[in-house]
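# A closer look at the structure
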Amino acid sequence: MAPVSSPSRAHAPLEAGWVLSGQDGKGRPIRLVFGDTELSQVYLGVVIGRHPALCDRVIDDPSVSRRHMRIGMAEGKPYVEDLNSLNGTLLDGAEVPQFEPVPLAAGQELTLGRVVLEVARSEAP
């Protein structure tokens, strides 16, 4: 009798996406990963903030608002949008306007309160 094989996630192809990596205000590492499919299928984007019930990705740092910012895709390109956060969102040192999507690219730096994250593109293997 031949062995029965079941599909395994280990053999599933990985997809390209975006990675935000850096440190929180206490120097603890942070790594947030977003697949292209996830970003393109979420109507209003992925919400990042401190509150687990209100956000898709959580950063546990007191300088980050409960709902701090959103990352999404528009016309196939990523954007970042501040969600009226108390400490604001900076992209390469410039303030991201509240509720106005701003284009996002690999190599840029996002700052949420005291949290600094580098934006990188991850390609499918």
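Residues numbered from 1 in each chain as written. Predicted model: local features only at pLDDT ≥ 70, side-chain atom pairs only at ≥ 80, totals over all residues. Heavy atoms only, no water.

For Pro 29, the position within the fold is in strand β2 (residues 29-35). Under the relative-accessibility criterion, Pro 29 is labelled exposed at 72%. Expressed as a C-alpha distance, the spacing of Pro 29 and Val 115, which sit 86 residues apart in the sequence, is 9.9 Å. Not counting residues within four places of it along the chain, the set of residues in contact with Pro 29 comprises Gly 22 and Gln 23. (Helix = DSSP H or I, 4+ residues; strand = E, 2+ residues; numbered from the N terminus. Buried < 20%, exposed > 50% of the residue type's maximum accessible area, 1.4 Å probe, protein only. Contact = heavy atoms within 4.5 Å.)

Our next topic: the pattern of salt bridges. Scanning the model with the defined rule gives six salt bridges in all. Two residues, Asp 36 and Arg 121, come together in a salt bridge whose shortest N-O distance is 2.7 Å. Remark: Arg 121 occurs in strand β11 (residues 115-122) and Asp 36 occurs in helix α1 (residues 36-41); sequence separation between them is 85 residues. Among the residues examined, Asp 36 registers a relative accessible area of 19% and is labelled buried. (Salt bridge = Lys/Arg side-chain N within 4 Å of Asp/Glu carboxyl O.)

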